[in-house]
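Each chain, written out:
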Amino acid sequence: MFSLGSWLPALPGLAWGWALLDALLQGESPRGWHGDGLGTSWGTPVTHCCLFPAGLVGACTVSVLCSLLKVYLYIQCLNDPERQAEKEAIQAQRRVLEPLHVVVLTGVLALVGSRVAALVVLEFSLRAVSTVLSLGKGAHSSQLYLLCQYSLGCGVSCSLSFLLEGAPHGTCNLLLAAGLAGLLAAYARRLARHVCTLYELHSRAHYCGVCILLLAASHGIPRLLRNALAVIFTVADLAAVALINRDFLSTAEAVRFWTPLTICYTLLVIYMQEEPRQSAGGWPVYQTALVRMGGLFILLLTIGRWTDILHILISLLGELWCLLRAGVMLEACQRQ
């Protein structure tokens, strides 16, 4: 298996440090820390879902989503004379908050456990299916893309944890994934800044190839995002079910967990359908996040672990952070 220590001369004093660094990068508990925490139990490492590399990939994926939606909404507002105030609000978003958003979301995803991340993914998948089926009743797909930010980060982290669990060269795979995700996020942010600064001038003068391409094909951004999110959440749902089921020793134990979970999710979906979507302001969005996380909190109080309760609270902070960061774009989607 690939190890960082294999690239340097073998030094006995550094062997434990390299093993610890490899374990952290691969999302594992280092050997010797499993069991009583004193090195007396040298069992198989315990894989966690959302340590730093997988969390970074999830946060970068959310950044790409927000940047592409920012491009789409800005162009839509620019083409509508009645939405110039929204265009200026999108354009006035502070650039320094974009890297900060990635850093904070990476930290949140790195702290959330695999069980809670999997539950968040499954809950959003059911809610997304329900929303898509009700699109003809006034729901907005662009708003759904913004509401899925935190769930998308959890889904990417779950998928990476499931796909790379026990894989050879896991450290190299995670570093490569984090590097590529960071590169895509940087280019997406650069595109959003370019559009908000120069698109209005370049699209009229037919000067920039990127702006000319967006002038002709920007309406296809939602379809691109829809297809990409469908693939990501399909893989994430399979990974989430596998991550949850591996903790059960028998079918009866699994049934005792899935039965109340299914009831809870059904009630949440019914609540989303009956919620007044035409309410003014952004408070219903935050109220929905509180209700969803509150439902999972109460559920895990009865069938979960104490660490799950802590992870639910961290997830609530991550969800609210994503909604606050996208507040301007959420208002633009609601007025669309």
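What you are looking at is a predicted structure, and each value in this text was computed from that prediction instead of being measured.

## A few points about the overall build of the protein
Helices and strands together make up the secondary structure of the protein, namely 14 helices and zero strands. When burial is assessed residue by residue, the protein has 47% of its 336 residues classed as buried. Taking contacts inside the protein between residues at least 6 apart in sequence as the whole, the part at least 24 apart equals 75%. Accessible area for the protein stands at about 16,900 Å²; split by element, carbon and sulfur atoms hold 68% of it.

## Considering a nonpolar patch on the surface
Taken together, the side chains of Phe162, Leu163, Val231 and Val235 present a nonpolar region at the surface, about 350 Å² in accessible area. Contributions of two or more residues to the nonpolar patch are made by helix H7 (149–164) and helix H10 (221–245).

## Quick notes on the environment of Gln84
You can see Gln84 is positioned in helix H3 (residues 84–91). Assessed through its relative accessible area of 26%, Gln84 is described here as partly exposed. In this structure the C-alpha to C-alpha distance between Gln84 and Tyr74, which are 10 residues apart in sequence, comes to 9.5 Å. Leave out the neighbours within four places in its chain, and Gln84 touches Cys77 and Leu78.

## Overview of helix H2 (residues 52–78)
Over its 27 residues, H2 extends 38 Å from the first C-alpha to the last, a length consistent with the 39 Å expected when each residue adds 1.5 Å. Within H2, 21 of the 27 residues are buried, which leaves the element mostly enclosed by the surrounding structure.

## Description of the packing of helix H8 (residues 170–205) against helix H9 (residues 209–217)
Where H8 meets H9, the axes come as close as 9 Å, and the angle between the chain directions of the two elements is 85°. In terms of orientation, H8 lies roughly perpendicular with respect to H9. Residues Leu191, His194, Val195, Leu198, Tyr199, His202 and Ser203 of H8 form the contact with H9, whose own contacting residues are Val210, Cys211, Leu214 and Leu215. Looking at the contact of H8 with H9 residue by residue, the class counts come to eight nonpolar, three polar and no charged.

## Some thoughts on the pattern of salt bridges
Taken as a whole, this structure holds eight salt bridges when the rule is applied. A salt bridge links Arg127 to Glu123; the nearest nitrogen and oxygen atoms lie 3.2 Å apart. In this pair, Arg127 and Glu123 both sit in helix H5 (residues 114–133), four residues apart, roughly one turn of the helix. Each member of the pair, Arg127 together with Glu123, is buried. A salt bridge links Arg292 to Glu319; the nearest nitrogen and oxygen atoms lie 3.4 Å apart. Here Arg292, found in helix H12 (residues 283–303), pairs with Glu319, found in helix H13 (residues 306–325); they are 27 residues apart in sequence, far enough to count as distant. Classification of Arg292 as buried rests on a relative accessible area of 3%. In this structure Glu319 comes out as buried when scored by relative accessible area, which is 2%. Among the ionic contacts, a cluster of salt bridges with common partners joins Glu123, Arg127, Arg292 and Glu319.

The rules behind the values
Residues numbered from 1 in each chain as written. Predicted model: local features only at pLDDT ≥ 70, side-chain atom pairs only at ≥ 80, totals over all residues. Heavy atoms only, no water. Helix = DSSP H or I, 4+ residues; strand = E, 2+ residues; numbered from the N terminus. Buried < 20%, exposed > 50% of the residue type's maximum accessible area, 1.4 Å probe, protein only. Contact = heavy atoms within 4.5 Å. Areas by Shrake-Rupley, 256 points an atom, 1.4 Å probe, with all protein chains shown as cover. Patch = residues over 30% accessible without salt bridge, like charges linked within 9 Å, V, L, I, M, F, W, Y side chains within 5 Å. Salt bridge = Lys/Arg side-chain N within 4 Å of Asp/Glu carboxyl O. Expected span 1.5 Å × (residues − 1). Axes fitted to C-alpha atoms, helices over the stretch in contact; angles between N-to-C directions. Parallel < 35°, antiparallel > 145°, perpendicular 65-115°, else oblique. Nonpolar A, V, L, I, M, F, W, Y, C, P; charged D, E, K, R; others polar.

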